[in-house]
Structure formats: structure tokens, C-alpha cells
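Chain and residue survey
Below, each chain spelled out in residue letters.
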Amino acid sequence: MTRFLNFLSKKFGKLWNRNKKRSQLSDSEIVDRFLVHGNHINTRLRQVSYVAFLPGPDSETSVFRTGGLRIEQIWQLAIKQVISKRQNCTLRGKGTLRVDQVRKISLDVRSDESSHELHAVIMKWPIEKDKRKMLAIDLASIAVLTTYP
Amino acid sequence: MNYTAALSYNLTPFRTINTGASREAKKLQEKENEIRNELAFPVIRNHINEGFKELLDTYQEAMQDNWDSYGAKGITLSTLYEAERFLVALPNLIPKPDIAVEPTGDITFIWQRDIDHILALSVSGNNLIYFAGKNGINDKTHGQRIFNDAIPKFLIEEIRQVMESQ
């Protein structure tokens, strides 16, 4: 019996660990928030607006894990996973963050593969509106804006 | 004195020399200077008129739920009315804010000089102002205050400081 369990552990353990590893985001990983509303970009300062990072009704901010993807692949991902699934929605750009920057201000990022394997969410938002606003302002000040060509 | 009443004056009824020496007279003089300053820059009031137009555009764009494609709530009429009252309550000399909507349907007024100087004040139709901002990298502020048609003085001061160089 023990030998059998060891066999199973060896056989499937690696697979389990690989999946577990993939679902955890490392500090150095890059995530992108796709900007789909005029509200999301401060054109005067060429900066992502804090409004873009505020969480939705589910208290999470949707992002995608884009590290290792080429820029064309990232735009394709945005169009396929965000734009095509919504009405009257225009891709305007993306705000890029590194996971450790998010964690540094007491938020966290976790994988959420329910809609796509590269989908993730920024979580642990406080309940208070003013605190959320403050954190979103912090995120906006470190995010790198890339406008959609 | 409200804004309409203030407008009904022109600048001439005020005496230019204050002959009073009492504390009250000094206070009156300060008040007079305040009103003079307000009325001396009617062009600034245009910012507020522009603000109303922007507010209506914003409302029309985000009155439906999911306006941002991420499941945001739409702006309610009570939020719109409160935002209008907020605009009216802004002193004349304050620069025009950017107006935006948050995913909660709150209307937000943003004063931003650069990446590290920003103040965002939002209303959501419940007589509260939610604010957050920073005036430099380490000087952060956030909280909420009751809004009864007057914007708390310290928030006006915060706006001035954030926009100081403009």
C-alpha cells in the first residue's frame, strides 16, 4: 500500500506542484490592467487614472499575467478576452504593474483561471471607499501606461 | 451670502477704506476682501459652467450599469444632484477639476498637478464626501466628511496646496 502511494505521489506530485506553482504569482511577475474606458487614462499627464484600478462590485480588479508575451500577443489577449466579450467597448491601452509593487501597498494578486489561464485579480481591497481610493491612487502612480496603437 | 446674492452686488457699493478699528470691523473687512476676490474673477465661474456640462456628459455616459465593461454600477440621479451641489459649493478661485466616475457609480472630482500631487473627492448621493490624495510622495491623506452644501475648509486648502504651482 505504501509503495503504491509513493508511486502515485511520484507520478502526480510533479504535476500537482507545477499547477500549484502556476497559480501562485511571484513577486517579479508582470500583470496588465486593460484600459477600456476614456475614464481610465489621464491624457493630459499621459498616466493611468486611479479610477482604472478601483475594484468592481466583486471587490476585485481584473488583470492579466502578461510576462513573457510579446506586445502584439498582449493586445490580442485584450481583444479576445475583454473587448470581444463586451458591448460598446474600446481598447485604449494597458497599465502595467509588477506584483511586488502591488503587494508592497498591502494588496495582493492571485490567479483566477475561471475565465482564462492568464487571468488574475488584485484583491484584499479594504471596505472603506476612501482607503480604496488611496490605494488605487498609489497603483496609478506606479503603473506604466501603454496606449493601444 | 450665497453665490446668487453675491452676484447681485457689483463692486462699487463697497467702501474702499475701512475706518472701523474693532475686531468685528476687521472681520467684516476680511469678508469683504474675500467677496471682492471672488467677484473679481468672473471668468473662473466659467470653469464651473464647463463643469456642469462635463457632469451631464459623464452622467449620460455612465448612467447604465456596466458602463466600464467591468461590471461598474451606473450613476444614480441622487449622485448627479449631489455632484451639482458640490460644483456650486466650489469657491471661484479653485481651478476646474477633472470629472470621472468610479465603478461604484460615485462621481469624482480630481485635481492633479502631476503623478505625486493629486486630490480626488467623490460624492455618492448620501451627503458624504470621500477623499484621498497626496501632496508629495509621503504626504498622503484620506477620509470622509459630511457634505451639507459646503466643502470643508481643510479640503479647499488641500486642493490649493496640490495645485499650488499652477
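The structure displayed is predicted, hence computed values, not measured ones. (Residues numbered from 1 in each chain as written. Chains lettered and ligands numbered in written order. Predicted model: local features only at pLDDT ≥ 70, side-chain atom pairs only at ≥ 80, totals over all residues.)

Helices and strands together make up the secondary structure of chain A, namely 4 helices and 8 strands. In sequence order, chain A lays out its α and β elements as α-β-β-β-β-α-β-α-β-β-α-β. Buried positions account for 36% of the 149 residues belonging to chain A. Intrachain contacts of chain A at a sequence separation of at least 6 include 72% that bridge at least 24 residues. (Helix = DSSP H or I, 4+ residues; strand = E, 2+ residues; numbered from the N terminus. Buried ≥ 20, exposed ≤ 12 C-beta atoms within 10 Å, placed from the backbone. Contact = placed C-beta atoms within 7 Å.)

So, on to the overall build of chain B. When helices and strands are counted, chain B shows 5 helices and 5 strands. Residue burial in chain B is summarised as follows: out of 166 residues, 30% are buried.

A few words on the pairing of strand 1 (residues 98–101) of chain B. Residues and elements named next belong to chain B. Judged from the 4 bridges that link them, strand 1 and strand 2 (residues 107–114) form a sheet pairing that is antiparallel. Following the sheet pairing, isoleucine 99 is matched in strand 2 by phenylalanine 109. Hairpin remark: strand 1 followed by strand 2, antiparallel, with 5 residues in the connecting loop; positive phi at glycine 105, about 85°. (Pairing = 2+ DSSP bridges.)

Turning our eyes to something else, we now look at the interface of chain A and chain B. The partner chain B presents 26 residues to the 23 residues of chain A that form the contact. Broken down by element, the residue count for the side of chain A that touches chain B peaks at 7 residues, all from helix 4 (residues 129–142) of chain A.

Pairing between the strands of a sheet comes from backbone hydrogen bonds, and it takes one of two forms, parallel or antiparallel. All names here are of chain A. In space, the 6 strands of this open sheet follow the order 6-7-4-1-5-8, with antiparallel pairing throughout. The open sheet is flanked by strand 6 (108–111) and strand 8 (144–147), the only strands paired with a single partner. Averaged over all pairs of adjacent strands, the angle between strand axes in this sheet comes to 35°, irrespective of strand direction. Summarising the sheet, strand 1 (residues 30–35) and strand 4 (residues 61–65) pair through 2 bridges and their orientation is antiparallel. Bridge pairing in strand 4 places valine 31 opposite arginine 65. Against the sheet, helix 2 (residues 71–83) touches strand 1, strand 4 and strand 5 (93–98), its axis set at about 55° to strand 1. (Axes fitted to C-alpha atoms, helices over the stretch in contact; angles between N-to-C directions.)

Let us now look at the sheet that holds strand 3 (residues 117–123) of chain B. The strand order across the open sheet built from 5 strands is 1-2-3-4-5 (chain B), with neighbouring strands paired in antiparallel fashion. Every other strand in the sheet has two partners, leaving strand 1 and strand 5 (140–146) of chain B as the edge strands with one partner each. Each neighbouring strand pair of the sheet contributes to a mean axis angle of 20°, computed without reference to strand direction. Where strand 4 (residues 128–135) of chain B lies against strand 5 of chain B, 7 bridges are found, and the strand directions are antiparallel. Paired with B:Ala132 across the strands is B:His142, a residue of strand 5 of chain B. Of the strands in this sheet, strand 3, strand 4 and strand 5 of chain B are in contact with helix 4 of chain A, which crosses strand 4 of chain B at around 30°. Lying over the sheet, helix 4 (residues 77–89) of chain B contacts strand 2 and strand 3 of chain B, oriented at roughly 130° with respect to strand 3 of chain B.

With that settled, the discussion passes to the pairing of strand 4 of chain B. Residue and element names in this part refer to chain B. Burial runs high along strand 4: 6 of the 8 residues are buried. In sequence, strand 3 turns back onto strand 4 through a hairpin of 4 residues, with glycine 125 there showing a positive phi of about 80°. In sequence, strand 4 turns back onto strand 5 through a hairpin of 4 residues, with glycine 136 there showing a positive phi of about 105°.

With that settled, the discussion passes to unusual backbone geometry. All names here are of chain A. Its identity as a non-glycine residue notwithstanding, arginine 46 has a phi of 50°, on the positive side. Here arginine 46 shows up in the loop between strand 2 (41–42) and strand 3 (47–48). Overall, the presence of 9 C-beta atoms within 10 Å leaves arginine 46 in the exposed class.

Okay, helix 4 of chain A next. At 3.6 residues per turn, the α-helix brings residues three or four places apart onto the same side. Taking 1.5 Å as the rise per residue, helix 4 of chain A with 14 residues should run 20 Å; its terminal C-alpha atoms sit 20 Å apart, in good agreement. In terms of burial, helix 4 of chain A is largely enclosed, as 11 of its 14 residues are buried. Restricting attention to buried positions, one finds in helix 4 of chain A the residues A:Lys129, A:Asp130, A:Arg132, A:Lys133, A:Met134, A:Leu135, A:Ala136, A:Ile137, A:Asp138, A:Leu139 and A:Ala140. Its buried side turned inward, helix 4 of chain A meets strand 3, strand 5 and helix 3 (99–104) of chain A together with strand 3, strand 4 and strand 5 of chain B. (Expected span 1.5 Å × (residues − 1).)

Okay, the confidence of the model for chain B next. All names here are of chain B. Per-residue confidence for chain B averages 83 on the pLDDT scale, and 81% of its residues sit at or above 70. When mean pLDDT is compared element by element in chain B, strand 3 scores highest at 97, while helix 1 (residues 3–8) scores lowest at 44. When the criterion is pLDDT under 50, residues 1–13 qualifies, and its contacts beyond four places in sequence or with other chains add up to 8 contacts. Both confidence scores are given for the complex: pTM 0.79, ipTM 0.81. (pLDDT = per-residue confidence, 0-100.)

Along the polypeptide, A:Phe53 turns up in the loop between strand 3 and strand 4. Along the sequence, A:Phe53 and A:Asp100 sit 47 residues apart, while their C-alpha atoms lie 16 Å from each other.

Residue and element names in this part refer to chain A. Structurally, valine 63 can be placed in strand 4. Valine 63 gets classed as buried once you count the C-beta atoms within 10 Å, which come to 26. When the C-alpha atoms of valine 63 and glutamine 47 are compared, they prove to be 17 Å apart, with 16 residues separating the residues in sequence. Contact partners of valine 63, with chain neighbours within four places excluded, come to Val31, Asp32, Arg33, Val109, Ala120, Val121 and Ile122.

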